[in-house]
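The residues making up each chain are set out below.
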Amino acid sequence: MPLPRSNRTPAQLALMAATLFLFGLYPLAWQAPLLRAGLLPFFGLSEISVVSGLVTLWQDTPALAALVALFAVVAPWVKLAGLYLAITGRLPRSLAPVLQWIGRLAMADVFLIALYVVIAKGVGLGRVEVAWGFWLFTACTLASLALAWVAKRH
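Please read all numbers here as calculations on a predicted model, not as lab measurements. (Residues numbered from 1 in each chain as written. Predicted model: local features only at pLDDT ≥ 70, side-chain atom pairs only at ≥ 80, totals over all residues. Heavy atoms only, no water.)

**Q** Could you give an account of the packing of helix 2 (residues 50–60) against helix 3 (residues 62–87), naming the residues involved and the relevant values?
**A** Closest axis-to-axis distance for the helix 2/helix 3 pair is 6 Å, and the angle between their directions is 155 degrees. As far as their axial angle goes, helix 3 and helix 2 are roughly antiparallel. Residues Val-50, Leu-54, Leu-57, Trp-58 and Asp-60 of helix 2 form the contact with helix 3, whose participating residues are Pro-62, Leu-64, Ala-65, Ala-66, Val-68, Ala-69, Ala-72 and Val-73. A per-class count over the contact of helix 2 with helix 3 returns 12 nonpolar, no polar and one charged. (Axes fitted to C-alpha atoms, helices over the stretch in contact; angles between N-to-C directions. Helix = DSSP H or I, 4+ residues; strand = E, 2+ residues; numbered from the N terminus. Parallel < 35°, antiparallel > 145°, perpendicular 65-115°, else oblique. Contact = heavy atoms within 4.5 Å. Nonpolar A, V, L, I, M, F, W, Y, C, P; charged D, E, K, R; others polar.)

Structure follows, in structure tokens:
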């Protein structure tokens, strides 16, 4: 049963606001440049975002693009929606384990991006620089993890 508005604590209100803030911040993180990559040191660098990476993957490997979209786009938003429902008392208890599982999927995206950076740097033919969007995307993921942890404790 959802909590009436008057019975919500300041902590619940803060968690609700932070969750809604992340709903707006994630789309920015998906559009922001994660990496700047180039083939050789003397060529210009191309900026790569989650969205541009998904578009490129979709052209070559649709199945991999769908998997990355699941980890990087769908799972974080579903996790936030579930977290918001849990904070407001609207998430059925039977779905709590599903929310935890989805949260693990949402963390996989940062690992995948870090792995790509390590692989690209290890090849030695190109140049890869981490861009500000990587830090924003990582911050969104870690903030989502922290919100889930704090919400569980309350």
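Now, onward.
**Q** Residues and numbers for the nonpolar core, please.
**A** One finds Leu-22, Tyr-26, Leu-34, Val-50, Ile-87, Phe-137 and Cys-140 to be the most contacted residues of the largest nonpolar core, which totals 24 residues. For this core, the secondary structure elements donating two or more residues are helix 1 (10–31), helix 2, helix 3 and helix 5 (132–153). Sort the elements by how many residues they give to this core and helix 1 lands first, with seven residues. Those residues in contact with Ile-87 that lie beyond four places of it in its chain are Gln-12, Leu-15, Met-16, Thr-19 and Ala-151. Core analysis: the next-biggest nonpolar cluster, separate from the first, contains five residues, Ala-75, Ile-102, Leu-105 and Ala-106 among them. (Core = buried A, V, L, I, M, F, W, Y, C linked by side-chain atoms within 4.5 Å. Buried < 20%, exposed > 50% of the residue type's maximum accessible area, 1.4 Å probe, protein only.)

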